[in-house]
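Structural description and commentary
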Amino acid sequence: MNIMEKLCAGPRVTKEARSKKMHQELSNMDSLPREIALDILSRLPITSLIQIKWVCRSWRSLAQDPLLATMHLSRMNDNDPGLILHCDLPLQNHLYSLHLSAPDIVTRLREPMISEFAIVGSCNGLLCLWHSLYKDKCYIYNPFTRDFKELPRPEQFQTQTRVAMGFGFHPGTKEYKVVRIVYYRNEDEASSFQVRRYLPESNVQVLTLGSGRSTWRSKGKTCYQILGSGRPYQSNVLLNGRLHWLTCRHRHQSLRLLVSFDLADEQFQEVPNPDGMFGRRCSHLAILRGYLSAIVQGFRRLSIWVMKEYGVKESWVKEFNIGDHLPRHMDLNQEQFIYIPEYPINCSQARVLCLLKNGEILLEYKRRSLFSCDLKSGAFKELVGGGLPESFSTIVHIGSLKLIN
C-alpha cells in the first residue's frame, strides 16, 4: 500500500487533520530532487494528486508543475481509463466518476454552473461541454481540478436545424480545437412547403484553444451529413489528431460513409471502409487498442470491425463478436417486453466503450447499465456501483491535472 492509499484508508477525518498527517508522512521526501519527487507523484491516482496541494506550499508547487501533469497523463494512458457518467436530469445535470479498479465506488463530481449541458467529448482530462438550452454557449472543463473556461460565442443561424460537434488535440501542432458543424435552411426556403425535399446548408466552424486567435473561424460548407441520432454530441471519436464521424451524402441514403476531420489542416477526408458493411446497421465508432473500430449491430449479435492499418481498406477485419445479454437488475415489466431464456433480447441498444487491459470489452446498455464481456468465454459481468444513477451516458475519460490556458 502506497503512502496516499494509507492516508485515504480508514475513517474519515477533517481536511486539516488529513493535511497534517500527509505532511508528516511526506516531509522526508522534501530533500529529494524535484524530478524524482514528480516521478513518484505521477504514479498516484488523480484523486490523490488533487489532495496533495493542501499539504504545504512546496507540495502545492509540485502539484502545479506542468511536468507532473504530463508525466501523470502518460502513465494513466497505460492503465484502464476512468469513466464519467453524465446524468442529464431536467433542469439540472449531474456528473459522476467511476474508476474500473474500484467499480463499486461511484463519486459525485461538482458540476460547473450550467443548468443543462451535453458532453461533446473528452481529451487529455478535459471535457468539452455544450449548453443544451443556450445553444451558442460552449465550455471547457476539468472535472477534477474544476478548471473551467467559457468559449466565445459562435455565429448563429436563425433557421438552423441541428449541430454536430467534436473536440480534440493534435499531437503534431499541440493544439486543442473545437469543431462545430451547423446545418440550417436557406432563409428563402425555410417557409417553403417543399423545404423537406432539399438538403440543408452547412457551415463548419473551428476554434483553437490557448491561442491569441481564440475565435470561431468559418471553414465553409461540407457535403457530409453527420449522423448521431439520439447522441448528436457523442457520435465522434478521436484518433491521431483526427475526428471521425459516420456520415451519409443524402438524408435517406442507407450507405454509411466514414469521414475524418484533420485538426491540423482542418480538412475533411473520407476513410475507406469495407464494401457493404457500413449500412444502417453500423451504429457507432470506438477506439480499441488504438485502432479505429466500427460497431455493426445485428438482431442477436454485435460485430466489431477493426481497421488494423489506418487508411487501408483491405486492413478492416471483423475481430470481435458479442452475443446478447440481459442485465439482471432490469425491471422487465418497465421494459415492456417478455423475456424468454431461449430468445434473449437483441443488443441493438448496447454501446461499446473501450477494450480493457484484461482483454474484456466494456459496454453500456440502454443508458442504465455497465457490463464487461469476456471475449473468450462469452460471459458477462455487470459493474454495479453504489450510487449509480438511474439513467446516464458514459464517457471514457482519463483524469488529469491539465489546466486550461
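Rules behind the numbers
Residues numbered from 1 in each chain as written. Predicted model: local features only at pLDDT ≥ 70, side-chain atom pairs only at ≥ 80, totals over all residues. Heavy atoms only, no water. Helix = DSSP H or I, 4+ residues; strand = E, 2+ residues; numbered from the N terminus. Buried < 20%, exposed > 50% of the residue type's maximum accessible area, 1.4 Å probe, protein only. Contact = heavy atoms within 4.5 Å. Axes fitted to C-alpha atoms, helices over the stretch in contact; angles between N-to-C directions. Parallel < 35°, antiparallel > 145°, perpendicular 65-115°, else oblique. Left-handed = near helix turned anticlockwise from the far one by under 90°. Nonpolar A, V, L, I, M, F, W, Y, C, P; charged D, E, K, R; others polar. Pairing = 2+ DSSP bridges. Phe/Tyr/Trp six-rings, centres within 6.5 Å; stacked < 30°, edge-to-face > 60°. Lys NZ or Arg CZ within 6 Å of the ring centre and 35° of its normal. Polar contact = N/O pair within 3.5 Å; in protein donor to acceptor, adjacent residues only side chain to side chain. pLDDT = per-residue confidence, 0-100. Arc of directions from axis to C-beta. Salt bridge = Lys/Arg side-chain N within 4 Å of Asp/Glu carboxyl O.

**A word on the environment of Leu363**
You can see Leu363 is positioned in strand S22 (residues 361-365). Take Leu363: its relative accessible area is 1%, and that puts it in the buried class. Between the C-alpha atoms of Leu363 and Thr394, which are 31 residues apart in sequence, the distance is 9.3 Å. In this structure Leu363 touches Leu302, Ile322, Ala350, Arg351, Val352, Leu353, Ser369, Leu370, Phe371 and Cys373, once residues within four positions along its chain are discounted.

**Observations regarding the environment of Asp78**
By the secondary structure assignment, Asp78 is in the loop between helix H6 (66-76) and strand S1 (82-89). The class for Asp78 is exposed, based on a relative accessible area of 55%. Linking Asp78 and Lys357, residues 279 residues apart in sequence, is a C-alpha distance of 8.8 Å.

**Considering the packing of helix H3 (residues 34-41) against H6**
Pairs of packed helices are described in terms of their axes, by the angle between the two and the distance that separates them. Their axes nearest at 9 Å, the elements H3 and H6 cross at an angle of 40°. Looking at the two axes, H3 sits oblique to H6. The element H3 and its partner H6 pack so that their crossing is right-handed. Here H3 contributes Leu38, Asp39 and Leu41 to the contact with H6, which in turn contributes Leu67, Leu68, Met71 and Arg75. A breakdown of the residues in the contact of H3 with H6 according to their chemical character gives 5 nonpolar, no polar and 2 charged.

**So, the pairing of strand S8 (residues 160-170)**
Regular strands have side chains that alternate between both faces of the sheet. Across the 11 residues of S8, 8 count as buried, placing the element largely inside the fold. In textbook terms, the turn of a hairpin is the stretch between consecutive antiparallel strands, and for S8 and strand S9 (residues 175-184) this stretch comprises 4 residues, one of which, Lys174, has a positive phi near 60°.

**A short note on the sheet that holds strand S17 (residues 282-288)**
Ordered by their spatial adjacency, 4 strands build an open sheet running S17-S18-S19-S20, and the pairing between neighbours is antiparallel. The sheet is open, and its two edges are formed by S17 and strand S20 (316-323), each paired on a single side. Sheet twist, expressed as the mean angle between neighbouring strand axes with direction ignored, is 25°. As paired strands, strand S19 (residues 301-307) and S20 are joined by 7 bridges and run antiparallel to one another. In the sheet register, Leu302 faces S20, and the bridge partner there is Ile322.

**Overview of H6**
Within H6, burial applies to Leu68, Ala69, Met71, His72, Leu73 and Met76. The elements touched by buried residues of H6 are H3, helix H4 (46-52) and helix H5 (57-63).

**Focus: the packing of aromatic side chains**
In total, this model carries 9 aromatic pairs according to the counting rule given. Consider the rings of Tyr365 and Phe371, whose centres lie 6.5 Å apart with planes at 55°: the pair is tilted. The exposure class assigned to Tyr365 is buried, which follows from its relative accessible area of 4%. Joined through ring pairs, the aromatic side chains of Tyr224, Trp245, Phe261 and Phe268 make up one cluster. We note Arg108 situated over the ring of Tyr96; from NZ or CZ to the ring centre the distance is 6.0 Å.

**Digging into the side chain of His170**
You can see His170 is positioned in strand S8. Of note is the side chain of His170, whose polar atom sits 2.9 Å from the backbone nitrogen of Gly172. For His170, the contacting residues outside a window of four places in its chain are Glu175, Asn240, Gly241, Asp262, Leu263 and Ala264.

**As for the pairing of S1**
Among the 8 residues in S1, 6 count as buried, and that is most of the element. In this structure, S1 lies alongside strand S25 (residues 393-397), joined through 5 bridges in antiparallel fashion. Each bridged residue has a counterpart across the sheet, and for His86 the counterpart in S25 is Ser393. Pairing of S1 with strand S2 (residues 92-99) involves 8 bridges; the strand directions are antiparallel. Residue pairing in the sheet places Gly82 in a bridge with His99 of S2. Hairpin geometry of S1 and S2 is characterised by an intervening segment of 2 residues between the two adjacent antiparallel strands and by a positive phi of about 75° at Leu91.

**Concerning the confidence of the model for the protein**
Here the protein averages 77 in pLDDT, and 76% of its residues register 70 or above. Mean pLDDT values for the elements of the protein range from 38 in helix H7 (residues 332-335) up to 94 in strand S13 (residues 237-239). For the stretch residues 1-8, pLDDT sits under 50, and the model shows 15 contacts to residues farther than four places along the chain or on other chains. Across residues 329-346, where pLDDT falls below 50, the model places 31 contacts with residues more than four positions away in sequence or in other chains.

**Comments concerning the sheet that holds strand S21 (residues 350-355)**
The 4 strands lie next to each other as S21-S22-S23-S24, forming an open sheet whose pairing is antiparallel. Two strands bound the open sheet, and with one partner strand each, they are S21 and strand S24 (380-383). For this sheet the average axis-to-axis angle between neighbouring strands, irrespective of direction, equals 30°. Pairing geometry for S21 and S22, over 5 bridges, is antiparallel. Looking across to S22, one finds that Arg351 is bridged to Glu364.

**What to know about H3**
For H3, every residue scored as buried is listed here: Ala37, Leu38 and Leu41. Viewed end-on, H3 has its buried residues packed into an arc of 100°, placing them on one side of the element.

**What about the pattern of salt bridges?**
Under the defined criterion, the tally for this structure stands at 14 salt bridges. Linking Glu175 and Lys177 is a salt bridge whose minimum nitrogen-to-oxygen distance equals 3.8 Å. Assessed through its relative accessible area of 21%, Glu175 is described here as partly exposed. Here Glu319 ties to Arg289 by a salt bridge, and the two come within 3.6 Å at their closest N and O atoms. Of this pair, Glu319 sits in strand S20 while Arg289 sits in the loop between S17 and strand S18 (291-297), placing them 30 residues apart in sequence. Relative accessible area serves as the criterion here: at 30%, Glu319 is assigned to the partly exposed category. Through salt bridges with shared partners, a single ionic network connects Glu175, Lys177, Arg217, Lys219 and Glu266.

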